[in-house]
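Understanding the architecture of this molecule
Each chain, written out:
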Amino acid sequence: MGRYNLIEELWIPVRDLTGNRKELGICDVLLTAENLSVIEDPSPLVTAALHRFLLAVLYRALEGPCDIDEAKKLFKAGLPKDKIRAYLEKWKDRFWLFHDKYPFGQIPDFEPKEWRSWTALAAEHNADNAKVLFDHIDINNSGTISFAAATRWILACQTFALSHKSELQYCKYSPSTNAVMAIPLGRNLLDTLLYCLTPQNSKVMTGDIPMWEREPEKIDRLKRIADRAESGYSDLYAWRSRSVRLKDNNSNGISEVAFASGVGYIDSTAVDPMLAYKIIEVKDKDNEAKVKKRIAVRFDERGVWREFDSLLPDNTHLSPAVIENSVFLTRNDRVRYPHSVIVLGQANNKAKIEFWRMERFILPKAIIRDRYTREDIHSYLEEAKDVSKSLYFACANFGKSLLSRGERKPQSADIKNFIIQMPSLPYYWSTLESKFHDILRDYTLECNPDDIHHDWLVSVRNALQKAWSLHEQSVSASDVWAVRALVKAGDIIENKTIELNKSIKQLRRDHEHTC
C-alpha cells in the first residue's frame, strides 16, 4: 500500500473564479476545471510543469484528440468526466508519492552514494546551477518541505533540468529546458486546457506512454546509455530527465533526496506544442555547407516581447501549436477567445541559470481573421530594432570621441563597455515595451493597421528623442571634450529623426486619402 496519493491529496495550487487560492488533487482539478481560473504557483517553472503534467494525464485519459474534429467536439462539450475518473482509478497505484514499486516520478531502487538536500530539486534553490540567484538557503541545513512542494518540484525539475555531473552518468538537458513555453489563457482553466490539447495522430497516441505508465528504469540501465526519443506529447510532457527518490522518514516532510541523471533525450523532428520556432542557417558538420535548421525560441535578457511575432500564427506554422489551436477553436465562438497568453521558462549560460521568468501578453484578436498580423508586428519590431542601431551608433560615436582625447585610439572593447554604462539604450527599449502592450490591445477585429503603424512610429521617434535628450542633459555641464563629442554624435540622432518624421507624415497622408 502506498502513501500520499496525488489523485486525492491537495498539492496543485489553483485560483478559483472568485480569486480564492487553494490546493487540489489531480481529480478535483480536472473535474472542476470550469470553476477554476488558473494554475498559479510562485515559481514560473512549477506553473509550466503543472500544465504539462495535467495535459499528459488528459491525453492518456481521453485517448485524444486525434484530429481537429475531435478537438472541436471536446471544446464544445467539455471534458468527459467519466473517462477521466476511469483512467485515474485504473492507474491509481502509479500516483502514490511513496510506494515500494511505483513511487511517482521516482526510481525505487536508487540507493545514492550520498543523500542530498531537497534543494537539488528546485531551480530557485539548488547549488548546482543557481549559485548566485536570489537565494541564501544553506543546503547543509535546509530543513524540510511538504510532500506537496516536493511533488511540484519533481515535475519542475524533470521539465527544466540543466546539464551537470552526477553519480550515474553525465546529466543532459531536459527536452525543452531552454525554450519559451507559451500557454494561452481562457476564461477558466477548462478552456486553457482545451486550447492546449492539440490533436495528435491516433497511431502516435496509441504508443504515447508517460513515465507513470512505464516500468521505472533500473539503475543499471541508467548508468549506461538510456537515451531515446519521445513517443508522443504525454511522454514529452512528463519526461524523466532525472533519477529521483525522496527519502521517506515516516514524517510529514522531505529533507533529503537521491538525485542523478535520468533518461537522455534524443532530438527528433517532432515539435513541442508549447514552443515557438524559427529557422536559422547553420553549417553542415560534414561538408561545411549552410543548411536551414528549426530551433526553439529562447529567453534572453531582452524579454520575449522583442520576438513576440514568433508566437502568432501564420502560414509557416512555426508559432506554438497551442496558440494556433486556441485561435482555430474560438474562430466561431469569440466569447471564449483567449484573453491573454503567458510565456514561461528560464535562461542559462553554460548550465548556470541566469533567470527564470513569466510574462503575460494580450493575444491580438485580429489574428482570427488576418493571417498578416504576425507580419505587421514583426515589421514594427524590426523598425524599432533599426532605430536602436542608430541610437547605438550615436552612443558609440560619443564614447569613441570622448575616449580618444588627444592621439589615443580606444579599443573596441572599451567603447562597448562605455556604451553599456550609458542609460540611453535601456531607456529606449523599456519605453517601447510599455507601448508595445498598447499596440497588442489595439489590434482588435475592427482596427486599422495603418493607424496602429502610425502611432507606433510616433512612439519609436519619441523614445529615441527622449533617450538621447536624457543623455544630453547628463553631459551638458561637462567639459568641452564631452560637449564636442555630444554634438558630433547628435547628428546621427537628428538624421534618423528626420527619416522617421517623413514616414510618419506619409502614413498620415495615406490615412487622410483613404478617409
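Going by the structure above, here's the rest.
Below is a short write-up of the structure. (Residues numbered from 1 in each chain as written. Predicted model: local features only at pLDDT ≥ 70, side-chain atom pairs only at ≥ 80, totals over all residues. Heavy atoms only, no water.)

This brings us to the overall build of the chain. Looking only at helices and strands, one finds 15 helices and 15 strands in the chain. Here the chain, with 515 residues, has 54% of them falling under the buried criterion. Restricting to contacts in the chain with at least 6 residues of sequence separation, those with at least 24 account for 71%. Only carbon and sulfur atoms are counted for the fraction: they give 49% of the accessible area of the chain, which is about 24,400 Å². (Helix = DSSP H or I, 4+ residues; strand = E, 2+ residues; numbered from the N terminus. Buried < 20%, exposed > 50% of the residue type's maximum accessible area, 1.4 Å probe, protein only. Contact = heavy atoms within 4.5 Å. Areas by Shrake-Rupley, 256 points an atom, 1.4 Å probe, with all protein chains shown as cover.)

This part is about helix α3 (residues 68–77). Among the residues of α3, A71, L74 and F75 are the ones counted as buried. Buried residues of α3, viewed axially, fall in a sector of 100°; they line one side. Exposed residues lying more than 90 degrees from the buried face of α3 are K73, K76 and A77. In this structure, the buried side of α3 is in contact with α2 (44–62), α6 (189–196) and α10 (321–329). (Arc of directions from axis to C-beta.)

A few words now on the packing of helix α13 (residues 424–442) against helix α14 (residues 449–475). In the contact formed by α13 and α14, the axes pass within 9 Å of each other and the chain directions differ by 160°. When the interaxial angle is binned, α13 and α14 end up roughly antiparallel. As α13 packs across α14, the resulting crossing turns out to be right-handed. Residues S424, Y427, Y428, T431, L432, K435, F436, I439 and D442 of α13 form the contact with α14, whose participating residues are I452, D455, W456, S459, V460, A463, L464, K466, A467, L470 and H471. Its residues placed into classes, the contact of α13 with α14 shows twelve nonpolar, four polar and four charged. (Axes fitted to C-alpha atoms, helices over the stretch in contact; angles between N-to-C directions. Parallel < 35°, antiparallel > 145°, perpendicular 65-115°, else oblique. Left-handed = near helix turned anticlockwise from the far one by under 90°. Nonpolar A, V, L, I, M, F, W, Y, C, P; charged D, E, K, R; others polar.)

Let's shift gears to α13. Compared with an ideal rise of 1.5 Å per residue, which puts 19 residues at 27 Å, α13 spans 27 Å between its outermost C-alpha atoms and is within 8% of the ideal. Here α13 has its buried residues at S424, L425, Y428, W429, L432, F436, I439 and L440. Considering only its buried residues, α13 is in contact with β15 (352–361), α11 (373–403), α12 (412–420) and α14. (Expected span 1.5 Å × (residues − 1).)

Once that is clear, we can look at the environment of A149. For A149, the location among the structural elements is in helix α5 (residues 147–160). Residues A149 and P13, 136 residues apart in the sequence, show an inter-C-alpha distance of 10.0 Å.

This paragraph deals with the pattern of salt bridges. Under the counting rule described, the total for this entry stands at 26 salt bridges. Across the pair R15 and E40 runs a salt bridge whose closest N-O atoms are separated by 2.3 Å. Of the two residues, R15 sits in strand β2 (residues 12–16) while E40 sits in the loop between β4 (36–39) and α2, which places them 25 residues apart along the sequence. Taking the relative accessible area as the measure of exposure, R15 reaches 26% and is therefore partly exposed. (Salt bridge = Lys/Arg side-chain N within 4 Å of Asp/Glu carboxyl O.)

The next thing to look at is the sheet that holds strand β6 (residues 116–117). The sheet built from three strands is open, its strands ordered β6-β11-β9 with antiparallel pairing. A single partner strand is all that each edge strand has here, and the edge strands are β6 and β9 (242–246). For β9 and strand β11 (residues 256–261), the ladder comprises five bridges, and the chain directions are antiparallel. Along β11, the bridge assignment pairs R242 with S261. The strands touched by α5 within the sheet are β9 and β11, with β9 carrying the most contacts at an inclination of about 170°. (Pairing = 2+ DSSP bridges.)

We now examine the packing of aromatic side chains. To describe a pair of aromatic rings, you give the distance between the ring centres and the angle between the ring planes. If you walk through the whole model with that rule in mind, you get 23 aromatic pairs. Summarising the aromatic geometry, the rings of Y233 and Y237 are spaced 6.4 Å apart at their centres and angled 20° between planes, so their arrangement reads as stacked. Of this pair, Y233 and Y237 are both found in helix α9 (residues 233–237), four residues apart, which corresponds to roughly one turn of the helix. Residue class for Y237 comes out buried when judged on its relative accessible area of 3%. Measuring from ring centre to ring centre gives 5.1 Å for Y428 and W429, while their planes differ by 75°; the resulting arrangement is edge-to-face. Classification of Y428 by relative accessible area gives buried; the value is 0%. Put simply, the rings of W305, F308, F361, Y428, W429, F436 and W456 pair up and form one aromatic cluster. When the ring centre of Y277 is taken as origin, the NZ or CZ atom of R294, which lies over that ring, is 5.2 Å away. The ring of W429 is capped by R306, whose NZ or CZ atom sits 3.4 Å from the centre of that ring. (Phe/Tyr/Trp six-rings, centres within 6.5 Å; stacked < 30°, edge-to-face > 60°. Lys NZ or Arg CZ within 6 Å of the ring centre and 35° of its normal.)

Here the bond from G64 into P65 is cis, since omega is 5°, no more than 30 degrees from zero. Its location among the elements puts P65 in the loop between α2 and α3. Positioned with a positive phi, N250 is a non-glycine residue whose angle comes to about 55°. Following the sequence through the fold, N250 ends up in the loop between β9 and β10 (253–254). Classification of N250 as exposed rests on a relative accessible area of 66%. The backbone of H317 sits at a positive phi, close to 60°, despite the residue not being glycine. Considering the arrangement of structural elements, one finds H317 in the loop between β13 (290–296) and α10.

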